[in-house]
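Overview (structure and organization)
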Amino acid sequence: MILFASSFGGFVITFMSSGINVGLTTINQDFHVSAVYLTWISISMVLVSAATLLPFGRLADAYGRMRFFIGSMILFSVVSFASALAPSAAVLLALRMLIGVSLAIGSVTAPALVILAFPIQVRGRALGWNVLGVYLGVTVGPFLGGLIFHGIGWRGFFYVLAGMNMINVVLPV
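1. Structural notes on the side chain of asparagine 168
Turning to its location among the elements, asparagine 168 is positioned in helix H6 (residues 120-170). Judged by relative accessible area, asparagine 168 falls into the buried class, the value being 1%.

Structure representation (structure tokens):
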């Protein structure tokens, strides 16, 4: 279960981060902001994540990796749902930054949980499956994201993300 949860979490996050770029023009149809602002909506998540990885890794080590992992999945689902309801580009940008926090927490806890769950003889294989989830999300994100944006719009994209990630929230890890 830990391997599935961490791999699927990696898939969802990277699916979202690569898929959002396809829908920036759709988002702009609602908010009418500059290309620079749209770029901030796209990259803010990664910047916040990079800035908070180390502190959250330390906190997760001190207060429980599993607790932080589950918290990151809940945060991601709630903020993704809220992103679908964003009334302005500024609110969407702030919510994307919060998604960056959940990305940081999930990124530091998922591999640690996989390492702790598997004996050294199969640990490399387990981590490989975890990385497969991440790269699968990066690969299919633009294509599937484009289908979602075209079919149900940018708000629907965030609803789909929240729904997909609920699997990791309710999964009995």
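Resuming the write-up.
2. Let's talk about the environment of isoleucine 74
By the element assignment, isoleucine 74 lies in helix H4 (residues 65-84). When its relative accessible area of 39% is taken as the criterion, isoleucine 74 is described as partly exposed.

3. Observations regarding the layout of surface pockets
Taken as a whole, the largest pocket holds about 280 Å³ of empty space. What lines the largest pocket is a set of 19 residues, among which Gly10, Leu103, Gly106, Ser107 and Val134 lie closest to the centre. At the level of secondary structure, the elements contributing two or more residues to the lining of the largest pocket comprise helix H1 (2-19), H4, helix H5 (89-117) and H6. In terms of residues, the lining of the largest pocket owes the most to one element, H1, which gives seven residues. When its residues are assigned to classes, the lining of the largest pocket shows 10 nonpolar, nine polar and no charged.

4. Here's the deal with the packing of aromatic side chains
In this description, an aromatic ring pair is defined by two values, namely the gap between the centres and the angle between the planes. In total, this model carries nine aromatic pairs according to the counting rule given. Centroid distance phenylalanine 4 to phenylalanine 8: 5.5 Å. Interplanar angle 10°. Geometry classified as stacked. Of the two residues, phenylalanine 4 and phenylalanine 8 both sit in helix H1, four residues apart, roughly one turn of that helix. Here phenylalanine 8 falls in the buried class, since its relative accessible area comes to 16%. Centroid distance tryptophan 154 to phenylalanine 158: 6.1 Å. Interplanar angle 85°. Geometry classified as edge-to-face. Of this pair, tryptophan 154 and phenylalanine 158 both sit in helix H6, four residues apart, roughly one helical turn. One aromatic cluster is present, formed by Phe4, Phe8, Phe11, Phe15, Phe31, Phe149, Trp154, Phe157 and Phe158 through successive ring pairs.

5. Considering the confidence of the model for the chain
Averaged over the chain, the pLDDT score is 93; the fraction of residues at 70 or greater is 99%. Confidence, read as mean pLDDT per element, is least for H1 in the chain (91) and greatest for helix H3 (residues 35-63) (95).

6. Focus on H4
Here H4 spans 29 Å end to end across 20 residues, near enough to the 28 Å set by a 1.5 Å rise per residue. Along H4, the positions that sit buried rather than exposed are Phe68, Phe69, Ser72, Met73, Phe76, Ser77, Val79, Ser80, Ser83 and Ala84. Packed against the buried residues of H4 are H1, H3, H5 and H6.

7. A word on the environment of methionine 73
Tracing the backbone shows methionine 73 in helix H4. Not counting residues up to four positions away in its chain, the partners in contact with methionine 73 are Gly9, Asn165, Asn168 and Val169.

8. Let's talk about the nonpolar core
Ranked by size, the top nonpolar core spans 30 residues in total, and within it Ile27, Leu92, Trp154, Phe157, Phe158 and Leu161 carry the most contacts. The set of elements that each furnish at least two residues to this core consists of H1, helix H2 (24-31), H3, H4, H5 and H6. Considering each element in turn, this core owes the most residues, seven residues, to H6. Membership of the second largest hydrophobic core comes to seven residues, among which are Val48, Phe68, Val101 and Ile105.

9. Some thoughts on the side chain of serine 80
Tracing the backbone through its elements, the reader meets serine 80 in helix H4. Filtering out sequence-adjacent residues up to four positions away, serine 80 remains in contact with Ile99, Phe158, Leu161 and Ala162.

10. Considering unusual backbone geometry
A positive phi angle is found at histidine 32, which is not glycine, with a value near 50°. With respect to the secondary-structure elements, histidine 32 resides in the loop between H2 and H3.

What counts, and where the lines are drawn
Residues numbered from 1 in each chain as written. Predicted model: local features only at pLDDT ≥ 70, side-chain atom pairs only at ≥ 80, totals over all residues. Heavy atoms only, no water. Helix = DSSP H or I, 4+ residues; strand = E, 2+ residues; numbered from the N terminus. Buried < 20%, exposed > 50% of the residue type's maximum accessible area, 1.4 Å probe, protein only. 1 Å grid on protein atoms, 1.4 Å probe; cavity = no way out; pocket = protein on both sides within 12 Å on 5 of 7 lines; lining within 4 Å. Points joined across faces, edges and corners; volume = space filled by probe spheres on them. Nonpolar A, V, L, I, M, F, W, Y, C, P; charged D, E, K, R; others polar. Phe/Tyr/Trp six-rings, centres within 6.5 Å; stacked < 30°, edge-to-face > 60°. pLDDT = per-residue confidence, 0-100. Expected span 1.5 Å × (residues − 1). Contact = heavy atoms within 4.5 Å. Core = buried A, V, L, I, M, F, W, Y, C linked by side-chain atoms within 4.5 Å.

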